[in-house]
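Structural features, examined
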2 protein chains.
Amino acid sequence: MTARPAVDGSIVELCAVLGDETRWQILAVLGSRAASASELARELPVSRQAIAKHLELLAQVGLAERERAGREVRYRALGARLTELADHLETIGRGWEARLSRLKDVAEQLPRQ
Amino acid sequence: MTARPAVDGSIVELCAVLGDETRWQILAVLGSRAASASELARELPVSRQAIAKHLELLAQVGLAERERAGREVRYRALGARLTELADHLETIGRGWEARLSRLKDVAEQLPRQ
DNA sequence: ACGTCGTGCAAGCACAGGGTTGCAGGTCAA
DNA sequence: TTGACCTGCAACCCTGTGCTTGCACGACGT
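A brief look at the structure comes next. Here the structure is a predicted model, which is why all the values come from computation and not from measurement.

Now for the overall build of chain A. Secondary structure assignment for chain A yields five helices and three strands. Across chain A, helices and strands are ordered from the amino to the carboxyl terminus as α-α-β-α-α-β-β-α. Buried residues in chain A amount to 39% of all 113 residues. Counting only contacts in chain A whose residues sit at least 6 apart along the sequence, the fraction spanning at least 24 positions is 50%.

This paragraph deals with the relation of the copies chain A and chain B. You can overlay chain A on chain B at an RMSD of 0.0 Å; the transform is a turn of 180° with a shift of 0.0 Å along its axis. Between the two chains, the operation in question is that of a two-fold axis. In terms of C-alpha distance to the rotation axis, chain A has alanine 86 of chain A as its closest residue, with the C-alpha 2.1 Å off the axis.

Between helix α1 (residues 9-18) of chain A and helix α1 (residues 9-18) of chain B, whose axes approach to 7 Å, the crossing angle comes to 140°. Comparing the axis directions of α1 of chain A and α1 of chain B gives the class oblique. Crossing geometry of α1 of chain A relative to α1 of chain B is assigned as left-handed. Residues Val12, Cys15, Ala16 and Leu18 of chain A of α1 of chain A form the contact with α1 of chain B, whose participating residues are Val12, Cys15, Ala16 and Leu18 of chain B. The residue inventory of the contact of α1 of chain A with α1 of chain B, partitioned by class, reads eight nonpolar, no polar and no charged.

As a further point, take the sheet that holds strand β2 (residues 64-69) of chain A. Residue and element names in this part refer to chain A. One open sheet accounts for three strands, arranged β1-β3-β2; its pairing is antiparallel. Sheet topology places β1 (35-36) and β2 at the edges, where each strand pairs with a single neighbour. Note that β1 and strand β3 (residues 72-77) share two bridges and pair antiparallel. In the sheet register, serine 36 faces β3, and the bridge partner there is arginine 74. Strands β1, β2 and β3 of the sheet are contacted by helix α2 (residues 21-30), whose axis makes an angle of about 90° with β3.

The rules behind each value
- Starting afresh in each chain, residues are numbered from 1 along the sequence in its written order.
- Lettering of chains starts at A and numbering of ligands starts at 1, both following the order in which they are written.
- Per-residue local features are limited, in this predicted model, to residues with pLDDT of at least 70; the limit for side-chain atom pairs, both in listing and counting, is 80 or more; totals at the level of whole chains, interfaces and linings are taken over all residues.
- The side-chain values count all of the structure's non-hydrogen atoms but skip hydrogen atoms and water molecules.
- Working definition: helices are DSSP H or I runs of at least four residues, strands are E runs of at least two. Numbering for both runs from the N terminus.
- Between buried and exposed lies partly exposed: a residue is buried under 20% and exposed over 50% of the maximum accessible area for its type, with that area taken using a 1.4 Å probe on protein chains only.
- In this analysis, two residues are considered to be in contact whenever any of their non-hydrogen atoms come within 4.5 Å of each other.
- To line up the copies, we fit them by least squares on C-alpha atoms, keeping just the residues with pLDDT of at least 70 in both.
- Lines fitted to C-alpha atoms define the axes, with helix axes restricted to the stretch in contact, and inter-axis angles between N-to-C directions lie between 0 and 180 degrees.
- In these notes the angle categories are as follows: under 35 degrees is roughly parallel, over 145 is roughly antiparallel, 65 to 115 is roughly perpendicular, and the rest is oblique.
- Should the near helix be turned anticlockwise from the far one by less than a right angle, the crossing is termed left-handed; should it be turned clockwise, right-handed.
- Polarity classes work like this: nonpolar for Ala, Val, Leu, Ile, Met, Phe, Trp, Tyr, Cys and Pro, charged for Asp, Glu, Lys and Arg, and polar for all others, with Gly in that last group.
- Pairing between strands is defined by DSSP: at least two bridges between the two strands are required.

This is the structure:
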């Protein structure tokens, strides 16, 4: 709270989580079907433990959902947080562009003199 | 190219760049006005060189625009890449949700028996 | 009861990257 | 010309983290 939150911290956190290739590979699978860590470890070139950590992270930020199924733990991708993030980014991006076009308008008036 | 691009690599790259608090602080400023590295260094709690690296990164991925003004170099935030990214994320997120609701539909039919 | 399979915890390694300091070169105004 | 200011390059530190291996525990099927 000492630094004014220029941007909602969760946006930064979400982007950071999404800034990893391996996690996208995992999400790509979880987007089409639920899978466990062991399962994913068989089709991806990383160890099960590495994947388990990624899954925990994804679940923490709400990009994936954990679900016990007997002795195994399956995960599935959740789109809500992603579309939510998309909304925020779109708003911010449009804000920047709006300022830009306003600047252009001003610039076109100055050379009048 | 050895790994099939489950997701456009530039998305991962963009998210990674957006996954840093300091860069968002910089973008927050550049979104409202153009500024140089030295200028930003005065209002942010990091050195000019650190900021310069961030600015170079931001320009590389198209989130900021470099512009010489005499002896100084100003940067301004660009919204295009951000809204572009937002579109992709939204599409992906909706895809996941669509699969989810399809699963639910199926699940509601099974208990019929 | 047994072997198999999936999970969880822990220690540890190695690299990327965010940050710093220091110095040299250029540009502007007085 | 001189001094102030901005930029660029380079070396360096250090924390975070992505990944690994190893082991113990628990659940399942035969």
